[in-house]
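Reading the structure
In case you want the letters, here they are:
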Amino acid sequence: MSPTQAVLDSLLPQDWQALVHAEPVTAARWMEAAAQLGSGDAQAICGQWRLDGHGLPRDAQAARSYFLKAAQQAHPMGMNMAGRCFENGWGGEADFFAAANWYRQAAHSGLDAAMYNYANLLATGQGVARDDEAALEWYRHAAARGHAKSKTKIGYFYEDGRVVARDLDAAFVWFEGGALGGDFRGQFNYATLLAQRGDLQAALHWLHKVPATATPAYQRKAGEKLMQSNYPEIRAFGEKMIENAA
């Protein structure tokens, strides 16, 4: 049985959750039918499933189309993911101006991930005029909602003295927040500052968490930095990270 509009209108939040976690092919059939009937939630979900190959063949072009349909209904995640498609060239040509436009709208809707993505473009001047102050402000908005990667980004601002006065104590606090939230960049930078403060065991504790989620490119770069440490234990871990990256 495929869903009708009446059936969809009768679904409670727990019913939607059950559908999302149902057997992938069955869930995808229902979700695509709901998307065709105009559900922004279903369109955003189908877009993600088309990217991931969850119950549906991977198809970046179809994913972009679904995200845009949801975005045109002002669906926050749809707008954010449409921005991701345009930023990364998923399902078509990259367009940083379009990416910034969708991120901006999703950020103003209150979505922390979009605030982070929009801040990244502001910080690099891609698709918008570079504006470090505005970037930091958006990172702060996202961090206030618990966004771990944004906390790490704020740490960089304090570490580098960018927009704000250089303050390694403040950087330490922000990196700690990113680390506790599961951001591998936050974990690495927090560990680095812990090592600089002489807390080797705590530094190693956080370094061991980095490889679980870090990309190979990041592990290689991080490992190279660790190889410059005065601590042999940290140099040894840096060597392992470089091996993992390879």
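So, a few notes on the structure that sits alongside this text. Starting afresh in each chain, residues are numbered from 1 along the sequence in its written order. With the structure being a predicted model, the display of local features is reserved for residues of pLDDT at least 70 and the display and counting of side-chain atom pairs for 80 or more, all residues being used for whole-chain, interface and lining totals. Hydrogens and water molecules were not included; the side-chain quantities draw on all heavy atoms of the structure.

Observations concerning the packing of aromatic side chains
Only Phe, Tyr and Trp rings take part, Trp by its six-membered ring, and two of them pair if their centres are within 6.5 Å. Stacked means planes under 30 degrees apart, edge-to-face means over 60, and tilted covers everything else. In total, this model carries eight aromatic pairs according to the counting rule given. Consider the rings of Y139 and F157, whose centres lie 6.0 Å apart with planes at 65°: the pair is edge-to-face. Here the residue Y139 occupies a position in helix α9 (residues 132–144), and F157 occupies one in helix α10 (residues 148–160), the gap between them amounting to 18 residues. Residue exposure (1.4 Å probe, protein chains only): buried if accessible area is under 20% of the type maximum, exposed if over 50%, otherwise partly exposed. For Y139, a relative accessible area of 1% translates into the label buried. Looking at F157, the relative accessible area reads 2%, which means it is buried. Both rings, one in Y156 and one in F175, keep their centres 5.5 Å apart while their planes meet at 75°; by these two values the pair is edge-to-face. Taken together, the positions of Y156 in helix α10 and F175 in helix α11 (residues 168–180) put the pair 19 residues apart, joining distant regions of the chain. Runs of H or I in DSSP of at least four residues are treated as helices and runs of E of at least two as strands, each being numbered from the N terminus.

Notes on the nonpolar core
Grouped burial of nonpolar side chains is what soluble globular proteins tend to show. In terms of nonpolar packing, the biggest core is built from 62 residues, with Y139 and L207 touching the most fellow members. The greatest single-element share of this core, amounting to eight residues, is contributed by helix α8 (residues 112–124). When neighbours within four sequence positions are excluded, Y139 is seen to be in contact with Y116, A119, N120, A123, S150, K153, I154 and F157. To form a nonpolar core, buried Ala, Val, Leu, Ile, Met, Phe, Trp, Tyr and Cys residues must be joined to one another through side-chain atoms within 4.5 Å. Of all hydrophobic cores here, the second largest spans 15 residues; its members include A27, W30, C46 and L56. The contact definition used throughout considers only heavy atoms, calling two residues in contact when any of these lie within 4.5 Å.

Digging into empty space enclosed by the protein
Any empty space left between the atoms is revealed when a probe the size of a water molecule rolls over them. Detection works on a 1 Å grid of protein atoms alone, calling trapped sets that fit a 1.4 Å probe cavities and calling open sets with protein on both sides within 12 Å along at least five of seven lines pockets, with lining residues defined by an atom within 4 Å of a point. Grid points are joined across faces, edges and corners, and a volume is the space filled by probe spheres set on the points. Counted by the stated rule, this structure contains one cavity of 30 Å³ or more. In this structure, the largest cavity encloses a volume near 30 Å³. In terms of lining residues, the largest cavity is bounded by Y116, K149, T152, K153, D183 and R185. When residues of the lining of the largest cavity are assigned to their parent elements, the largest contribution, three residues, is made by α10. Throughout this entry, Asp, Glu, Lys and Arg are counted as charged residues, while Ala, Val, Leu, Ile, Met, Phe, Trp, Tyr, Cys and Pro are counted as nonpolar. The remaining residues, Gly among them, count as polar. For the lining of the largest cavity, the residue count by class is one nonpolar, one polar and four charged.

Focus on helix α5 (residues 60–71)
Given a helix with a known number of residues, its expected span is that number minus one, times 1.5 Å. An ideal rise of 1.5 Å per residue puts 16 Å on 12 residues; α5 measures up with 16 Å between its terminal C-alpha atoms. Buried within α5 we find A62, A63, R64, Y66, F67, L68, A70 and A71. Residues of α5 that are buried in the fold lie against α3 (24–36), α4 (40–52), α6 (76–88) and α7 (96–108). Counted as a polar contact is a pair of N or O atoms within 3.5 Å, where, for protein atoms, one must be capable of donating a hydrogen and the other of accepting one, and residues adjacent in sequence contribute only when both atoms are in side chains. Sitting at the amino-terminal end of α5 is D59, which places a side-chain oxygen 3.1 Å from the backbone nitrogen of Q61.

Purely geometric stuff here, so don't read any function into it on its own.
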